[in-house]
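Residue-level structural notes
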Amino acid sequence: MKQIHFICLLLLFASCKNTEKSVTKITAKNIVIDSTIVASSKIENFIAPYKEKLIGEMESVLTYTANDLTKENIGLQSTLGNLMADLCVDIANPMFKEKTNASIDFALFNSGGLRASIDAGNVTTENAFKLMPFDNELVVVELTSAKVVALIKYFIDKQSAHPLSENINLLIKDDCFDLKINGEKFNKNKTYNVLTSDYLQTGGDGMDFFKNPKKLTNLNYKVRDAVIGYFKKTDTLRVSIDNRVKIQ
Amino acid sequence: MKRRNFVKLGGASVLAVVGGFTLPSFIAQQKRHITILHTNDTHSHIEPFKENDSRNPNRGGVARRATLIEQIRQENKNTLLLDAGDIFQGTPYFNYFGGELEFKLMSLLKYDVATIGNHDFDNSIECLYTQLPNAKFDFVSANYDFKNTVLDTHIKPYKIMIKDDIKIGIFGLGIELEGLVSKNMYKETGYLNPVEITQDITHQLKNVEKCDLIICLSHLGYNYKRNPNKISDLSLAKITKNIDLIIGGHTHTFLPKPTIVKNIDGKNTLVNQVGAYGLNLGRIDFYFDEQNNKTSKGTTILV
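In this report, the structure presented in the accompanying data block is examined. Please read all numbers here as calculations on a predicted model, not as lab measurements.

This part takes up the overall build of chain B. Scanning chain B from N- to C-terminus turns up 8 helices and 14 strands. Looking at chain B residue by residue over its 303 residues, the buried ones come to 55%. Of the contacts made within chain B by residues no fewer than 6 positions apart, 75% connect residues no fewer than 24 positions apart. Accessible area for chain B stands at about 13500 Å²; split by element, carbon and sulfur atoms hold 51% of it.

Spelled out as structure tokens, the structure:
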């Protein structure tokens, strides 16, 4: 009997070494961080020099515009939309040519993606970030003529000034339309290379005609970088409402 | 199993015998308390949102988070601070400083462990690598295979931390990068099946390392209702075992409280996620009793 007790005692000691520590209670809460919490001055001081540098960068003037550039829908065009679509073609076309030896036929983006207007005067890096805070990338899709028709029908149907590039001449008459692309009559036997963003290509804003294209080329270049690049190389932005869309 | 049964059977006689000796201190029940704090998808949000922000006016901010964390650490020094990825991308701080400030601030806040989100590859895997010296905390990822990349040997599948004699195993899981990140950004990073990896790692942490607490830092996403076959934190919790807590990210899910999921053994696994942008801090407190008879008491979960 004594011997058994001894063994048991040893076992107890041995088990103490690896005692099971079991969870008996768990509490949880997700705590809101708001202005009721005093900011750590140590951390604020650490951020300060970065913040100053960033403000400097954001304030740097890239270009100039004589007029306000806005999303205001003027016969399915807008000054900001025209600028966006045209500058993206300007920046993306050389990249696309280098990759594929082909040219971009036109561009379509969504007006919802233009996140801020640009006021007349100096245009800064901050304007570019506010206009395009998302990190969408430029892509080119090769579309069948049937999908281009679907695209134009979508454009007319939505009655939004979705940014279309100047490559397009679209005449809208009641339920019909007449379409020219780069001065040539729309050709049902052709495919077209359309520039857009990866967000829209994957079905954003219901632009389903961009899904499953004949060919997809990702330029791995952010829309915002195209905006900044164009602003940097352009002394004065010249934007107008033109003939790309005409409603009769 | 056999050994534990035997100890249990002998329990009564043991107590009778040791009664005459000076009781070693460990016989008294030890109560221990571990606090887990966590963030996810902070996305370079250094400053609070502006007061006129339409969605999150005057919310968030790293300097406020620092104060809150410090207060909690003073309450309980046995606190761990974790992040579930997507530290990068979302404000010009990232575009201009490449993640340097994010990592330096997390180091000042004394983060212990983080995992890697898809956006952490946004400036390329090389840029992530060059920022690593600014991170005075460890990254864990078990299902990204970095052996043919610059990150080889720099990211461990799991890390073990001991706080107040509690052994805590923390492993990381990442989302499939193909389709989310350009291949020329993540390069030759391989993707391994997160479920199989979890089965291996939890076995290792539970049975080999004998961890008391197992935490998964996941960037898989909370739940995909429209795509139930896509692995998520909820589905992972259901089909695996031995995970006490999954801290999630990616889907920017603002959970009011952790979700309790029954795992494959019928035991509880907590899944938590605190949205994005440093708007919230997750806090989970684990209270431990040291006892030989583990099954005699259940766990009370107050969430």
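Looking now at the nonpolar core. Of all hydrophobic cores here, the largest spans 106 residues; its most connected members are Leu195, Phe210 and Phe231 of chain A together with Phe139 of chain B. Among all residues touching Phe231 of chain A, those that are not within four sequence positions of it are Leu62, Thr63, Leu83, Leu87, Ile118, Val123, Ala128 and Leu237 of chain A. Grouped together as the second largest cluster of nonpolar side chains are 23 residues, Ile26 of chain A together with Leu80, Leu213 and Phe288 of chain B included.

All names here are of chain B. Of all 5 residues making up strand S2 (residues 79–83), 5 are buried, and the element is well covered by its neighbours. Residue alternation in S2 divides its side chains into two sets, Thr79, Leu81 and Asp83 and Leu80 and Leu82, and both sets are buried. Of the strand pairs in this sheet, strand S1 (residues 31–39) and S2 are connected by 5 bridges, and their pairing is parallel. What sits directly across from Thr39, in S2, is Asp83. Viewed along the sheet, the connection from S1 through helix H2 (residues 62–75) into S2 turns out right-handed. Alignment of S2 against strand S3 (residues 113–114), held across 2 bridges, turns out to be parallel. Its bridge partner lying in S3, Asp83 is registered against Ala114.

Residue and element names in this part refer to chain A. Spatially, S8-S7-S6-S12 is the arrangement adopted by the 4 strands of the open sheet, whose pairing is mixed. With partners counted over all chains shown, the strands left at the sheet margins are strand S8 (184–185) and strand S12 (245–247), one partner each. Lying on the sheet, helix H5 (residues 145–158) is in contact with strand S6 (168–173), strand S7 (176–181) and S12; it crosses S7 at an angle near 120 degrees.

This part covers the environment of Glu166 of chain A. Residues and elements named next belong to chain A. Structurally, Glu166 is set in the loop between H5 and S6. The class for Glu166 is exposed, based on a relative accessible area of 53%. Sequence separation between Glu166 and Lys246 is 80 residues, and the spatial gap between their C-alpha atoms is 12 Å. Those residues within four positions of Glu166 in sequence are excluded, and the remaining contacts are Asp86 and Arg244.

Conventions adopted
Residues numbered from 1 in each chain as written. Chains lettered and ligands numbered in written order. Predicted model: local features only at pLDDT ≥ 70, side-chain atom pairs only at ≥ 80, totals over all residues. Heavy atoms only, no water. Helix = DSSP H or I, 4+ residues; strand = E, 2+ residues; numbered from the N terminus. Buried < 20%, exposed > 50% of the residue type's maximum accessible area, 1.4 Å probe, protein only. Contact = heavy atoms within 4.5 Å. Areas by Shrake-Rupley, 256 points an atom, 1.4 Å probe, with all protein chains shown as cover. Core = buried A, V, L, I, M, F, W, Y, C linked by side-chain atoms within 4.5 Å. Pairing = 2+ DSSP bridges. Right-handed = clockwise from strand over helix to strand, strands pointing away. Axes fitted to C-alpha atoms, helices over the stretch in contact; angles between N-to-C directions.

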